Amino acid sequence: MAKVRTKDIIEKFNLELISGEEGISRPITTSDISRPGLEMAGFFDYYPAERIQLIGKTEMSFAEKLSDADRQNRMESLCTDITPGIIITRDMEVPEGLIEASEREAVPVMRSKQKTTRFSGLLTNFLESKLAPTTAVHGVLVDIYGVGVLITGKSGVGKSETALELVKRGHRLVADDCVEIRQEDEDYLVGTSPELIEHLLEIRGLGIINVMTLFGAGAVRSNKRISLVMNLELWDQKKQYDRLGLDEEKMKIIDTDITRLTIPVRPGRNLAVIIEVAAMNFRLKRMGVNAAEQFTSRLSDVIEDGDND
């Protein structure tokens, strides 16, 4: 199924539909927008017909200087069987030739009162958000000190219980059990909750609780950029766990590599505090402060001094 259709942008931006109503269910397959300036001049060799066509004051002023025959020809060429729509900005008058051609080819022609550049930015952001690659991950997403932390692990390891403790400590829940992730830009992942389970947290033995009802609107948020993955696993005595924090493990989600830390779970460990500190330490690293590197540097200096003595 198409993620976005022409009728969606009509509703989103309150556009006035001028003609081509039969085509409002056409799919929009790309977030790229075309300003058909060269096409108005008659150069259609590389016409991106699959894009939304945005006609502003510059293109319209040029079209008005064309002869009636040339203008009619350009308007007909703009309307193809794959063009999702043509938008006229600044509330300008739509050429009669474009209305006729759009009705014939069922290409929606819409009008906006906004300025061209402003509207282009808004439309691009909307389409990029809707058309971004998406996936779903089993886990819990929490906003901890402004860091989006995705908590993963096998069922029953304690993800939801840890999230509950984090919420009690003042942090904000984004999603529990299923996290829907979309890649809005290169190295930019945004996590949200499915609408059905938004603000809900499942605690074994207690059942489903509504975090917003119990803790208030400040305890939840609708979406958050994912910056860190905390993987919880039952303690394995045979496994060597990182004790310095020099090596960064990565987890690939869609096309983005995210830093992942593996936290062994055993009775007596306060996972909420550990994850909270991990988020703070992650922020420090992004600011250029790396405690592990500072320790190894001091250790090397002590060893060198000992050798010199």
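Residues numbered from 1 in each chain as written. Predicted model: local features only at pLDDT ≥ 70, side-chain atom pairs only at ≥ 80, totals over all residues. Heavy atoms only, no water.

Going by what an unreviewed UniProt entry lists, the protein chain is known as HPr kinase/phosphorylase and is assigned to Bacillus infantis. Taken directly from UniProt, the Cofactor (unreviewed entry) text for the protein chain runs: "Mg(2+)". Annotation of the protein chain in UniProt includes, under Sequence similarities (unreviewed entry), the sentence "Belongs to the HPrK/P family." (UniProt positions renumbered as here; feature names shortened; annotations may be inferred.)

**Student:** So what's going on with unusual backbone geometry? Residues and values would help.
**Tutor:** In this model, Tyr-145 sits at a positive phi of 50 degrees, which is unusual for a non-glycine residue. Of note, Tyr-145 is situated in the loop between strand E7 (140-144) and strand E8 (147-153). Under the relative-accessibility criterion, Tyr-145 is labelled partly exposed at 38%. (Helix = DSSP H or I, 4+ residues; strand = E, 2+ residues; numbered from the N terminus. Buried < 20%, exposed > 50% of the residue type's maximum accessible area, 1.4 Å probe, protein only.)

**Student:** Outline the packing of helix H1 (residues 6-13) against helix H6 (residues 116-131), supporting the account with residue identities and numerical values.
**Tutor:** Running from amino to carboxyl end, H1 crosses H6 at an angle of 125 degrees, the nearest separation of the two axes being 12 Å. For the element pair H1 / H6, the angle class is oblique. Every pair of crossing elements has a handedness; the one defined by H1 and H6 is right-handed. Of the residues in H6, those in contact with Ile-9, Lys-12 and Phe-13 of H1 are Phe-119, Leu-122, Leu-123, Phe-126 and Leu-127. Its residues assigned to classes, the contact of H1 with H6 shows seven nonpolar, no polar and one charged. (Axes fitted to C-alpha atoms, helices over the stretch in contact; angles between N-to-C directions. Parallel < 35°, antiparallel > 145°, perpendicular 65-115°, else oblique. Left-handed = near helix turned anticlockwise from the far one by under 90°. Contact = heavy atoms within 4.5 Å. Nonpolar A, V, L, I, M, F, W, Y, C, P; charged D, E, K, R; others polar.)

**Student:** I'd like to hear about the sheet that holds strand E15 (residues 228-234), residue by residue, with values.
**Tutor:** Spatial ordering of the open sheet is given by E9-E7-E8-E15-E17-E16, a layout of six strands whose pairing is mixed. Because the sheet does not close on itself, it has two edges, and the strands there are strand E9 (172-175) and strand E16 (249-253). The average angle at which neighbouring strand axes cross in this sheet is 35 degrees, direction not considered. Of the strand pairs in this sheet, E8 and E15 are connected by five bridges, and their pairing is parallel. By the bridge assignment, Gly-153 is partnered in E15 with Leu-232. On top of the sheet, helix H7 (residues 159-168) reaches E7, E8, E9 and E15; it is set at about 20 degrees to E7, its chief contact. (Pairing = 2+ DSSP bridges.)

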